[in-house]
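Inside the fold
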Amino acid sequence: MTQQQQQQQDAWSPQAFASNLRAMESRYHSHHPFNRRLNAGELQPFQVRGWVANRFYYQCRIPVKDAAILSNCDDRATRRRWVVRMLDHDGHDGHDGHEGANAGGIEIWTRLGIATGLERETLESHALVLPGVRFAVDAYVNFARTAPWQEAVISSLTEMFAPRIHKDRLAGWPTHYPWIDTSGLDYFRSRIPLADRDVEHGLEVAMQWCTTRERQERALQILGFKLDILWAMLDAIERAYPDDLAKAQQP
Ligand code: AHQ
């Protein structure tokens with residue numbers, strides 16, 4: 001038996017591989033203390049604004065990350081499916097431009113920011129983005145630029161766990177944060193079906209690419225790297241916006 005055949009023989013079944021990926025949910029940022037407080041309604045408006053403004057940088061860099069994957073991908077059918085992800089965030093130019101129903105996730109997240117009391121200019125300037133957040137998000141984009149496109153696709157699979165966190169926000173924020181107009185939560189509503197669709201594609205790529213135990217173990221390592229990125233973002237945000245932050249420094 002060749003080494004490759006041995007590797008394939010040692011590979012987990014697709015079901016076991018998918019289960020091992022999903023078992024990493026315990027490291028998802030929904031369990032981060034800052035996110036638990038955010039979704040429990042324990043944060044002050046400035047802390048919510050700080051989170052929204054910093055996550056806006058992540059949202060803005062997602063289509064750049066996806067473009068990096070496209071640029072490395074040599075498969076036309078995959079590119080046809082993947083390009084939709086960029087438009088989901090950048091918007092579709094239609095008769096009403098990108099502001100209307102074709103707004104796209106970045107514009108809809110902007111509306112969340114405005115609903116929390118942030119100015120559009122403040123959001124779009126990224127003036128509130130923290131060094132730790134910028135570093136983590138840029139590490140994600142750089143990974144997508146340099147890794148094999150299949151590995152970069154695998155890194156997006158943290159979204160396996162995203163529908164739950166969006167549903168938690170939709171369930172709790174209207175009660176916890178009545179000062180945020182519920183139309184500002186549209187992003188979370190919009191993302192749930194898109195996350196399900198994207199994860200289905202991402203898992204297909206992972207199953208096709210990870211035919212050996214070595215690649216399967218690498219996939220777990222990649223998912224752990226992306227889970228750390230999301231966790232590190234909240235570490236930076238939590239440290240920057242303590243409960244007793246002086247008013248003059250609050251966003
Ligand atoms: O709004 C999110 C989003 O558009 C994406 C794309 C995907 C990726 O390509 O890495 N991941 C992702 C995520 C979004 N929202 C996060 C949240 O907590 O609201 C979750 C995040 C993810 O789980 O990776």
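One can find the structure itself at the top, above this paragraph.
These lines cover the structure that appears in this document, whether it is placed above or below.

A separate point is the overall build of the protein chain. Within the protein chain one finds twelve helices and zero strands. The linear arrangement of helices and strands in the protein chain, starting from the amino end, is α-α-α-α-α-α-α-α-α-α-α-α. The C-alpha atoms of the protein chain give 19 Å as radius of gyration, which agrees with the globular expectation for 251 residues (18 Å, within 12%). Taking the principal axes of its C-alpha atoms as reference, the protein chain extends roughly 70 × 45 × 30 Å. Out of the 251 residues in the protein chain, the part that is buried amounts to 50%. Look at the contacts in the protein chain between residues 6 or more apart in sequence, and 78% of them connect residues 24 or more apart. Of note, the protein chain has its 29 positive side-chain charges centred 2 Å away from the centre of its 32 negative side-chain charges.

Bringing the side chain of Arg 49 into the picture now. Counting through the fold element by element, Arg 49 comes out in helix H4 (residues 45-72). Despite its burial, Arg 49 remains without a salt bridge, the nearest opposite charge being carried by Glu 119 at 9.6 Å. For Arg 49, the contacting residues outside a window of four places in its chain are Thr 116, Gly 117, Leu 118, Trp 179 and Pro 251.

A separate point is the packing of aromatic side chains. Within this structure, the stated rule accounts for twelve aromatic pairs. With a centroid separation of 5.1 Å and an interplanar angle of 50 degrees, the aromatic rings of Phe 143 and Phe 225 are classed as tilted. Of the two residues, Phe 143 is situated in helix H8 (residues 131-146) and Phe 225 in helix H12 (residues 213-240); the sequence distance between them amounts to 82 residues. Look at Trp 173 and Tyr 177: their rings are 5.5 Å apart centre to centre, the planes differ by 80 degrees, and that puts the pair in the edge-to-face class. As far as burial versus exposure is concerned, Trp 173 and Tyr 177 are alike and both buried. An aromatic cluster is present here, built from Trp 51, Trp 109, Trp 173, Tyr 177, Trp 179, Tyr 187 and Phe 188 joined pairwise through their rings. The residue whose ring lies beneath Arg 85 is Trp 82, and the NZ or CZ to ring-centre distance is 3.6 Å. Over the face of the ring belonging to Trp 209 we find Arg 215, whose NZ or CZ atom lies 3.5 Å from the ring centre.

Further remarks concern the state of the cysteines. Counted under the stated rule, the structure contains zero disulfides. Lacking any disulfide linkage, Cys 210 is separated from the closest cysteine sulfur, that of Cys 73, by 15 Å. The class of Cys 210 is buried, set by a relative accessible area of 4%.

A few words now on the pattern of salt bridges. Oppositely charged side chains can pair when the atoms bearing their charge come close. All told, the structure shown has 17 salt bridges when counted by the stated rule. Put simply, Glu 42 and Arg 37 hold a salt bridge, and the shortest N to O gap is 3.4 Å. Judged by its relative accessible area of 25%, Arg 37 is partly exposed. With its nearest N and O atoms 2.7 Å apart, the salt bridge here joins Asp 198 to Arg 197. By relative accessible area, which is 33% here, Arg 197 ends up partly exposed.

By nearness alone, 19 residues border the ligand, and Lys 65, Tyr 140, Thr 158, Tyr 187 and Lys 226 come closest of all. A distance of 2.7 Å separates an oxygen atom of the ligand from a polar side-chain atom of His 89. In isolation the ligand offers 480 Å² of accessible surface; the protein chains occlude 100% of this area. Secondary-structure elements contributing two or more residues to the shell around the ligand are H4, helix H10 (162-176), helix H11 (186-209) and H12. Sort the elements by how many residues they give to the shell around the ligand and H4 lands first, with five residues. Class assignment for the residues of the shell around the ligand results in seven nonpolar, six polar and six charged.

Scoring rules and cut-offs
Residues numbered from 1 in each chain as written. Predicted model: local features only at pLDDT ≥ 70, side-chain atom pairs only at ≥ 80, totals over all residues. Heavy atoms only, no water. Helix = DSSP H or I, 4+ residues; strand = E, 2+ residues; numbered from the N terminus. Rg over C-alpha atoms; globule rule 2.2 N^0.38 Å. Buried < 20%, exposed > 50% of the residue type's maximum accessible area, 1.4 Å probe, protein only. Contact = heavy atoms within 4.5 Å. Lys, Arg positive; Asp, Glu negative; His and termini not counted. Charge placed at Lys NZ, Arg CZ, Asp CG, Glu CD. Salt bridge = Lys/Arg side-chain N within 4 Å of Asp/Glu carboxyl O. Phe/Tyr/Trp six-rings, centres within 6.5 Å; stacked < 30°, edge-to-face > 60°. Lys NZ or Arg CZ within 6 Å of the ring centre and 35° of its normal. Disulfide = S-S within 2.5 Å. Near = heavy atom within 4 Å. Polar contact = N/O pair within 3.5 Å; in protein donor to acceptor, adjacent residues only side chain to side chain. Areas by Shrake-Rupley, 256 points an atom, 1.4 Å probe, with all protein chains shown as cover. Nonpolar A, V, L, I, M, F, W, Y, C, P; charged D, E, K, R; others polar.

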